[in-house]
Amino acid sequence: MSFFENTRKPRGLGGRIMVSMMNIGHGALARWGLGFLELSPDARVLDCGCGGGANIKKLLNRCPNGVVKGIDYSAVSVETARDLNRAAIDQGRCVVWQGSVDSIIFASGWFDAVTAFETVYFWPDLPVCFREILRVLKPGGTFLICNESSGENPRDEKWTKRIGGMTIYRAAELKGFLEQAGFQDVEIHQKKNWLCVTAKK
Ligand SMILES: C[S@@+](CC[C@H](N)C(=O)[O-])C[C@H]1O[C@@H](n2cnc3c(N)ncnc32)[C@H](O)[C@@H]1O
């Protein structure tokens, strides 16, 4: 297995190294994307494919009276995200759950916002996963997708060749899947090859 396969599902020592690298390496992208998300101090947020939990931490800082939950199907990601956010977990403001986004354990209509940083490339069936996210959002809630690759740079192909099961979506494809799932008010933001898409329930 190539080291880069750990971006899809971090495992073992290579996975631990990868999630630590991603916690740092995805910081600038996440800060840019979070600029498009309005959150009240008491918001309830779900971070899907949370990896090592750096974005959960950012969200907890943005919502000092809120609750932030994370979900990831990798045991290594879940363990790292829990370690990083231990204080908030102990305060009852954070939960990190091991599971796949196509079947989310959390209750319907509970979250003000759902985020997905650098992860939809790997999701099994986007319309199914997006319908699950729609289900857990409150009416009027926001789904934010943030990707470092927008599919517009020919060099993106090097990643899909290197990492099995990875698909890089263009903005229009994501908009189509979101609308198919029942989202509305889809907005697209781009900077360099970065892509951030927001959509409302
Ligand atoms: C490239 S990492 C990004 C991690 C983190 N969001 C970040 O920006 O650093 C992708 C993460 O998505 C998770 N993931 C991929 N497919 C998933 C699925 N179907 N359900 C839950 N998590 C998934 C992987 O385990 C991995 O932790």
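For the structure given in this document, a descriptive report is provided here. As the structure is a prediction and not an experimental result, all values here were calculated from the model. (Residues numbered from 1 in each chain as written. Predicted model: local features only at pLDDT ≥ 70, side-chain atom pairs only at ≥ 80, totals over all residues. Heavy atoms only, no water.)

### Regarding a nonpolar patch on the surface
Line of reasoning, step 1. Among the surface-exposed residues, Phe3, Leu13, Ile17 and Met21 lie close enough to one another that they form a single nonpolar patch of about 390 Å² accessible area.
Line of reasoning, step 2. Position of Phe3 among the secondary structure elements: in the segment before α1 (12-25). (Patch = residues over 30% accessible without salt bridge, like charges linked within 9 Å, V, L, I, M, F, W, Y side chains within 5 Å. Areas by Shrake-Rupley, 256 points an atom, 1.4 Å probe, with all protein chains shown as cover. Salt bridge = Lys/Arg side-chain N within 4 Å of Asp/Glu carboxyl O. Helix = DSSP H or I, 4+ residues; strand = E, 2+ residues; numbered from the N terminus.)

### Some details on the site of the ligand
Line of reasoning, step 1. Around the ligand, 23 residues are found, and the nearest of them are His26, Gly49, Asp72, Phe117 and Thr119.
Line of reasoning, step 2. Within the backbone of Gly49, an N or O atom sits 2.8 Å from a nitrogen atom of the ligand.
Line of reasoning, step 3. In the environment of the ligand, an oxygen atom lies 2.8 Å from a nitrogen or oxygen atom belonging to the side chain of Thr119.
Line of reasoning, step 4. Counting atoms within 2 Å of the grid points, the majority share of the ligand lands in the largest cavity.
Line of reasoning, step 5. The residue inventory of the shell around the ligand, partitioned by class, reads nine nonpolar, ten polar and four charged. (Near = heavy atom within 4 Å. Polar contact = N/O pair within 3.5 Å; in protein donor to acceptor, adjacent residues only side chain to side chain. 1 Å grid on protein atoms, 1.4 Å probe; cavity = no way out; pocket = protein on both sides within 12 Å on 5 of 7 lines; lining within 4 Å. Sits in = over half its atoms within 2 Å of the grid points. Nonpolar A, V, L, I, M, F, W, Y, C, P; charged D, E, K, R; others polar.)

### Points about the sheet that holds strand β4 (residues 111-117)
Line of reasoning, step 1. With mixed pairing, the seven strands of this open sheet are ordered in space as β3-β2-β1-β4-β5-β7-β6. Pairing within the sheet leaves two strands with one partner each, and these edge strands are β3 (94-98) and β6 (184-191). The average undirected angle you get between the axes of adjacent strands in this sheet is 15°.
Line of reasoning, step 2. By the bridge criterion, six bridges tie strand β5 (residues 137-147) to strand β7 (residues 194-200) in an arrangement that is antiparallel. Along β7, the bridge assignment pairs Asn147 with Leu195.
Line of reasoning, step 3. Here helix α4 (residues 75-84) sits on the sheet and contacts β2 (67-72) and β3; the angle it forms with β3, its principal contact strand, is near 170°.
Line of reasoning, step 4. In this fold helix α6 (residues 126-136) packs onto β1 (44-48), β4 and β5, with an angle of close to 140° to the strand it touches most, β5. (Pairing = 2+ DSSP bridges. Axes fitted to C-alpha atoms, helices over the stretch in contact; angles between N-to-C directions. Contact = heavy atoms within 4.5 Å.)

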